[in-house]
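One-letter residues, chain by chain:
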Amino acid sequence: MIQGHFDEKKGLNSTRLKLTTMAIFNIKVNGKTREVDVEPDTPVLWVLRDHLDLPGTKFGCGIAQCGACTVHADGNAIRSCSTPISAVGDMEITSIEGLSENGDHPVQQAWIEHDVPQCGYCQAGQIMNAAAFLDKNPNPSKEEIASAMSGNICRCGTYTRINAAIQTAAKKS
Amino acid sequence: MKLNKAMNRRNFLKVSAASGTGLVIGFNWLAGCTPTSPEMSIPKSWTDINAFIKVADNGLVTIFSPNPEIGQNVKTSMPMIVAEELDVDWKKVIVEQADLNTVKYNRQVAGGSQSIRAGWEGLRQAGATAKQMLRQAAANQWQVDVSDVSTEMGQLVNSKSGDKLGYGDVAVAAASLPIPDEVELKDLKDFKLIGTSVKNVDGEKIVTGKPLFGIDYKREGQLIAMLIHAPAFGMKLKSYDAEAAKAMPGIQDVFKLDTSLEEPQWSDVNAFNDLIVIVGETTWQVMKAKKAVNAEWVADTPLENSEDHFAKLVDGVERQKGRVLREDGNADAALRSASKVIEKTYTAPFLAHNTMEPMNFFAHVTPEKAELVGPIQTPESLRGTVMKVLGMTEDQVTIEMTRMGGGFGRRLYGNFGLEAALISKAVGKPVKLVYTREDDMTQGTYRPAYRVKYTAGLDENNNLIAFKAKAAGIPGSPLFANRFPAGTVDNYHGEGVNVATNISTGAWRAPRSNFIAGAEQAFIDEVAEAAGKDPLDFRLELFDRAINNPVGDNNDYDAARYAGVLKLVKEKANWTQDMSGVSRGVAAYYCHNSYVAQVVDVVMKNNEPVVQKVWCAVDCGIVVNKEGAINQVEGGIVDGIGHAMYSQLTFKDGKPEQENFHQYDLIRHMQAPEIEVFFVENDIHPTGLGEPSLPPVMGALANALYKATGTRYYNQPFTKAKQADEILVG
């Protein structure tokens, strides 16, 4: 749709018509249907962070190279920074806030058990990637874990702990 | 027991007086607390005992962590030290990040691996002083002498009657007591918490995605701001056209901002003062509008290239006369008489910090005050700069420190905080400034580019008789004056050359050491090989010399502790055992008052060298939080291997050629080795741990790669730079 935007500085009389294509989207996030009015090219990352008050999903690179923004779409790990909201359709989006009700998903528990985080910034993305991976490969080898997790950068270098935590989670789930 | 004069009392012991009242009521502890026992009831009141400690009526204890948290885990380890002396059950401890308050706290800085080192004594005293006051309050209530009151995990015990009181029962009375002149600190052998493994206090929040970081901060009515800086170092803004951007949805303003400072302090490093600011409602709107701004930039200083940098460093090392940093004996004369002379040159490129959380800061500036919130390693320095620029007094500027998504030195330089403040002032609204990854990578305070040439001489018995090091950096020499091998050789010459640049540089995890350690330890390996000696034993031989008959009396290091970590790693890694198919390299280094020795195991897989395992021995004195300490050491090793192998920032006409992670390679999960960490056990007060494991691994790695491939690695990053093997001279 086309709508005008009120320009606060110039006031009502000089309001310019800003051509835009804002649109209403109803997306399913963490088990609830949420309505947002955004431009269709808005990445899911910014819909979550700016519009739905779900800041657990992190901005790292904006080009799907670091994995900090990983969420699930129908259970598959996707890079929310490079997925426009217009592409979501009926898919169920799960962010770190919705991975478990009480923070007790086996991967989250294993992360605590192994005291994985240093700065912690990349860890939501790591956890989401790991959880989706374990769903498809519940009994992975160390090497398979390393391979599956290599799209997620941890600048602090907690990879060895991440690997151990995923092995632990695999045993639990 | 040791009696210890309470020092720096002004700073933390008299907070009750400073804050006017000891009683704090209605504090919303659920909002700021760490997990505690679920059976604990919600406290009705809190009492400030001192700047670090407040005690609730029900015995819960809040400990304030004074220093910024960048992932070095001080938010857990610093309160552990307080809790140890306070003698409180860790399960009843809530940790809160303190705000910047230079009246209450000393050195609220994350840098130089110093938080625990510099905080140790004060944190212990804070805990011990509070415990003493609680004991006195209980003694008054029981009408016994204070010596008859002991403590037991948050309980006060009357040794005469066996009666017990909780800390919460006497907190109000304790807070009104005079601060004792002397406090008893625990004997090290009585430590119950220090030396154990305590989980990260923010762990549960991190794994559930709670807002912790600066970029997560949100205030009602806040706007999002982004910047455009010059595309290249050396450029200034000529003109810009923002009409199209201004017309885009959600965009409130686009304007030029000048952030140049008349008297910059050390933390104000920033090459880009000519900025275009885009302010709008949401991040995506601002990101899109940023791309719609047309700007024209012109060069006003030279636009540098990586080729020029290389040539300047060669010139610096080969032709310029540098500053002599140390001179023992006569190295040139000794080299002339040497049986063998080995000469090698090592280089490393500029590096970006690349914290996973891009630079950002929140600011709300009004004519009366400036409120800043965000990730900063040096909040006090930022406050100073903001005060000066806004013409405000100290009490008008507040800084709240958020958890940081990495620092590595980048957040020592708070230009983004000042930028946020100036933008908020300009638009008259609360603003969160956010850098894109590209902004972050191309507007850095980079690790300088380095080059060092080493020359060593061996006599006919293969003893080291001469050692020369000449090092240049863009900018700044990476050489330390009084470090190994100075002190172990009669004839030593150290010289540093500074090469100027207009590229902004600064501290990057283990500054200078992050290059010189790897170069030095790779060179020592070649000297050992020329001497026909085992590389680990050759190092021990040198330390024996420094232990028994050191050269010079101002060596930075303790040779016995240096040798100690080498011996420990030798034993743990089974160095003497021949392991089929495994190529091993060793290195040892001293920095941040700690000693680290490592053995790196490399195996060949599909004709490619793979780092399989790193064995690491550390002497950092008393280890406060065991698992957290191991995590730091592991991280430093992965970081060191990653940057030695894969990472570089290169320049073309002043423009960084890597702007995001598709161009800038960082180590990935598949490339990380298994790591085993061993600590030397001693009673030495804790020394640095966030940085010391990074520098030597670059050398141990180069040495292992040589064993595996037959190629000596002189130039970082090893997987990209050309490795020209140089000729043995003499």
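Remember, predicted model here, so these are calculated numbers, not experimental data.

**Student:** How should I be thinking about the pairing of strand β17 (residues 340-348) of chain B in this particular structure?
**Tutor:** Consecutive residues of a regular strand have side chains that alternate between opposite faces of the sheet. Residue and element names in this part refer to chain B. The buried count for β17 comes to seven of nine residues, which makes it a mostly enclosed element. Here nine bridges tie β17 to strand β22 (residues 449-458), and the two strands are oriented antiparallel to one another. Of the residues in β22, the one forming a bridge with Glu343 is Thr455.

**Student:** How should I be thinking about the sheet that holds strand β24 (residues 491-498) of chain B in this particular structure?
**Tutor:** Strand-to-strand pairing in sheets goes through backbone hydrogen bonds, with the strands running parallel or antiparallel. All names here are of chain B. An order of β16-β24-β23-β22-β17 is seen for the five strands of this open sheet, with the pairing classed as mixed. On the outer flanks of this sheet lie β16 (323-328) and β17, each paired with one strand and no other. Strand-to-strand, the axes of this sheet are offset by a mean angle of 10 degrees, without reference to chain direction. Here β16 pairs with β24 via five bridges, running antiparallel. Following the sheet pairing, Arg323 is matched in β24 by Gly496. In the packing of helix α15 (residues 513-530) onto the sheet, the strands contacted are β17, β22 and β23 (464-474), and the crossing angle to β22 comes to about 25 degrees.

**Student:** Help me out: how do you make sense of empty space enclosed by the protein in this one?
**Tutor:** With a probe scaled to a water molecule rolled over the atoms, the places where space remains empty come into view. All names here are of chain B. Summed over all chains, the structure comprises six cavities of 30 Å³ or more. Looking at the largest cavity, its volume works out to about 90 Å³. Around the largest cavity, the lining residues are Tyr454, Phe467, Ala469, Leu479, Phe480, Arg483, Phe484, Pro485, Tyr492, Ile516, Glu520 and Tyr589. Elements with a minimum of two residues in the lining of the largest cavity: β23 and α15. In terms of residue class, the lining of the largest cavity is made up of ten nonpolar, no polar and two charged.

**Student:** Can you help me understand the confidence of the model for chain B in this one?
**Tutor:** Any region with low pLDDT has predicted coordinates that should not be read closely. When pLDDT is averaged across chain B, the result is 93; 94% of the residues are at 70 or more. Taken together, the stretch residues 726-730 of chain B has pLDDT below 50 and engages in ten contacts with residues farther than four places along the chain or on a different chain.

**Student:** Explanation requested: the confidence of the model for chain A in the structure shown.
**Tutor:** Chain-level statistics for chain A give a pLDDT mean of 91 and a share of 88% at 70 or above. Overall, residues 1-17 of chain A carries pLDDT values under 50, and its contacts beyond four positions in sequence, including any with other chains, amount to 32 contacts.

**Student:** Please clarify how the interface of chain B and chain A should be interpreted in this entry.
**Tutor:** Accessible area lost on assembly of the parts is the figure often given for the size of an interface. Taken together, the contact pairs 69 residues of chain B with 59 residues of chain A. When chain B packs against chain A, close to 5,300 Å² is buried across both sides, 55% of that on carbon and sulfur atoms. If you sort the residues of chain B by the area they bury against chain A, Val207, Met356 and His669 of chain B come out on top, with a joint share of 16%. Applying the counting criterion to the chain B and chain A interface returns eight salt bridges. Of the charged contacts in the structure, one is a salt bridge between Asp216 of chain B and Lys58 of chain A, with a shortest N-O distance of 3.1 Å. The interface formed by chain B and chain A contains 31 residue pairs in polar contact (both at pLDDT 80 or more). Elements supplying a minimum of two residues to the side of chain B that touches chain A: α7 (203-208), α8 (243-246), β13 (251-258), α9 (283-291), α14 (437-442), α18 (626-645) and β30 (674-679) of chain B. Here the element with the most residues in the side of chain B that touches chain A is α18 of chain B; it accounts for nine residues. Residue composition of the side of chain B that touches chain A, grouped by class: 28 nonpolar, 23 polar and 18 charged.

What counts and what doesn't
Residues numbered from 1 in each chain as written. Chains lettered and ligands numbered in written order. Predicted model: local features only at pLDDT ≥ 70, side-chain atom pairs only at ≥ 80, totals over all residues. Heavy atoms only, no water. Buried < 20%, exposed > 50% of the residue type's maximum accessible area, 1.4 Å probe, protein only. Helix = DSSP H or I, 4+ residues; strand = E, 2+ residues; numbered from the N terminus. Pairing = 2+ DSSP bridges. Axes fitted to C-alpha atoms, helices over the stretch in contact; angles between N-to-C directions. Contact = heavy atoms within 4.5 Å. 1 Å grid on protein atoms, 1.4 Å probe; cavity = no way out; pocket = protein on both sides within 12 Å on 5 of 7 lines; lining within 4 Å. Points joined across faces, edges and corners; volume = space filled by probe spheres on them. Nonpolar A, V, L, I, M, F, W, Y, C, P; charged D, E, K, R; others polar. pLDDT = per-residue confidence, 0-100. Buried area = accessible area lost by both parts, 1.4 Å probe. Salt bridge = Lys/Arg side-chain N within 4 Å of Asp/Glu carboxyl O. Polar contact = N/O pair within 3.5 Å; in protein donor to acceptor, adjacent residues only side chain to side chain.

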